Amino acid sequence: MTATTAGDPGDVRGDLAADAIVIGAGVIGASVALELARSGRSVLVVDRGPAPGAGSTSSSSAIVRFSYSTLDGVLTAWEAAPAWEHWEDFLGVRDPDGMCRFIRTGMLLFDTPEFTFDRITDLWDEVGIEYELLDAAGIAARFPHFDVGRYFPPKPVDDPEFAGDPHGTVNAIHEATGGFVDDPMLAARNLACAARHHGARFRFHAEVVGVEIEHGRVAGVRLAGGEVLRAPIVVNVAGPHSSHLNALAGVDAEMTIHPRPLRQEVFAAPAPPGMSLEDGAPVVSDLDIGQYFRPQVGGTVLVGGTEPECDALEWVDDPDHFDEHTTVEKFETTMYRLARRIPAFGVPHRPMGLAALYDVADDWVPIYDASSLPGWYMACGTSGNQFKNAPIAGRFMRAIIDAVESGHDHDLFPVQFVGERTGRTIDLGAFSRRRTPSATSGTVMG
């Protein structure tokens, strides 16, 4: 970190200056850039990667769902959803390189002895989200390819009880309006295109290695090689690198919630019977077996984990050095668990998937906030579940930045954001870096 004593950083202009710098051009960083550019600010986005969405965003499962553990979490997802359904209207511009698509499939959520539906349905009732409760017979009638046995708790494949008989049956919630976005990287590119339309500039292959501080506030960032980019506002949206940048800015010590990189493996397999888009397959959150899965374009199914207790979490100390290859052990566990739920699934012989990093907050709730360093803001700790909220996350950050830069104390009096869809207020203090850890599922499901 460097500190200099030049003039007011708000007065600088030129190619290396902006009103705001956004670090990270993933789906949330591009959304923040769009909203700040819409506010009339000159915006410069810097990213160490080669293109918008080329980092963690490119590995996202891009699921749009509303099953969160907190009211503010449910409201955020519900308010963000119309942007995906009316994507071009939300952006205000059509990307000549193509537009991502929201594919509505609905979502099916299985229960466990430790997870009852009241935790979700009470919140959905309050927000006005419609759903159906299905018992085992209802699941079998609607989705006959599913085994409705209860196998909880999830087990590794080498557990002697893995192949045991079910003990009882599962129930489910079905919500009809969820789904997924077909190309997460293209979604980030679309947002970047819209941001450029409003004057935002992007710099790729640009690694931030220092934070410039003048007169007690942020004044810009320093890139590898020594180049300094100047701005009185810097927004940290660096995904798995966000914790490192918060340390560079000297703001991590005053945070009660911290982000941390977590390695995850996600696999694709030929769609089993009943799980193709043509079959009308839903997105499925199956806490009973410890996996989520969804259909995708091209006749395959995407399968990831829900972090059950038996699966060790793979925390990563250095996000620049982690094993980017999938493992046979994780592949076999994932595929055989899916075969428990869908008996007709033919387990493929070779893994097809990827390993990537989540930027996980201590309580799996994101941090959208200011900091103890004036001008330094953060949209991080997105925990693998915030892709769906990117359109509204940009608006959250704009609301916080507008308020704080006008002299408002967001720590004492959190900004209240009124959603256009519901007219309900979302307390942005729920995403504070200084919050008491939120009571959530403690997993990617939030």
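It should be emphasised that the depicted structure is a prediction, and the values quoted were computed from it without experimental measurement.

## Some thoughts on unusual backbone geometry
In this structure, Pro153 follows Phe152 across a cis peptide bond, with omega equal to 0°. Tracing the backbone through its elements, the reader meets Pro153 in the loop between helix 5 (136-142) and strand 8 (172-175). For Ala62, which is not glycine, the phi torsion reads 55° and is therefore positive. Tracing the backbone through its elements, the reader meets Ala62 in the loop between strand 3 (43-46) and strand 4 (63-64). A positive phi angle is found at His205, which is not glycine, with a value near 55°. Here His205 shows up in the loop between strand 10 (201-203) and strand 11 (208-214).

## Re the nonpolar core
One finds Trp84 and Val235 to be the most contacted residues of the largest nonpolar core, which totals 74 residues. Those residues in contact with Trp84 that lie beyond four places of it in its chain are Val27, Val64, Cys100, Phe102, Val181, Ala187, Phe387, Lys388, Ala390 and Pro391. Within the second largest apolar cluster, 28 residues are counted, among which are Val211, Ile213, Val234 and Ile257.

## Some thoughts on the pairing of strand 22 (residues 376-380)
Counting buried residues along strand 22, five of its five residues qualify, which places the element largely inside the surrounding structure. The alternating pattern of strand 22 places Trp376, Met378 and Cys380 on one face and Tyr377 and Ala379 on the opposite face, and all of these are buried. Sheet topology note: the strand 14 (residues 234-236)/strand 22 ladder contains three bridges and is parallel. Of the residues in strand 22, the one forming a bridge with Val234 is Trp376.

## Thoughts on the packing of aromatic side chains
Throughout the structure, instances matching the rule amount to 15 aromatic pairs. Ring centres of Trp84 and Phe387 lie 5.1 Å apart, and the angle between their planes is 10°; this geometry places the pair in the stacked category. Of the two residues, Trp84 sits in helix 2 (residues 71-85) while Phe387 sits in the loop between strand 22 and helix 9 (390-405), which places them 303 residues apart along the sequence. Residue classification places Phe387 among the buried positions, given a relative accessible area of 9%. With a centroid separation of 5.9 Å and 75° between ring planes, the pair formed by Phe110 and Phe146 is classed as edge-to-face. Here Phe146 lies in the loop between helix 5 and strand 8 and Phe110 lies in strand 6 (residues 107-110), a separation of 36 residues in the sequence. Across this residue pair, the class does not change: Phe110 and Phe146 are buried. Here the aromatic residues Trp84, Trp87, Phe90 and Phe387 are joined through ring pairs into a cluster of three or more. Over the aromatic face of Phe90 sits the side chain of Arg38, whose NZ or CZ is 5.4 Å from the ring centroid.

What counts, and at which threshold
- Residues numbered from 1 in each chain as written.
- Predicted model: local features only at pLDDT ≥ 70, side-chain atom pairs only at ≥ 80, totals over all residues.
- Heavy atoms only, no water.
- Helix = DSSP H or I, 4+ residues; strand = E, 2+ residues; numbered from the N terminus.
- Core = buried A, V, L, I, M, F, W, Y, C linked by side-chain atoms within 4.5 Å.
- Buried < 20%, exposed > 50% of the residue type's maximum accessible area, 1.4 Å probe, protein only.
- Contact = heavy atoms within 4.5 Å.
- Pairing = 2+ DSSP bridges.
- Phe/Tyr/Trp six-rings, centres within 6.5 Å; stacked < 30°, edge-to-face > 60°.
- Lys NZ or Arg CZ within 6 Å of the ring centre and 35° of its normal.

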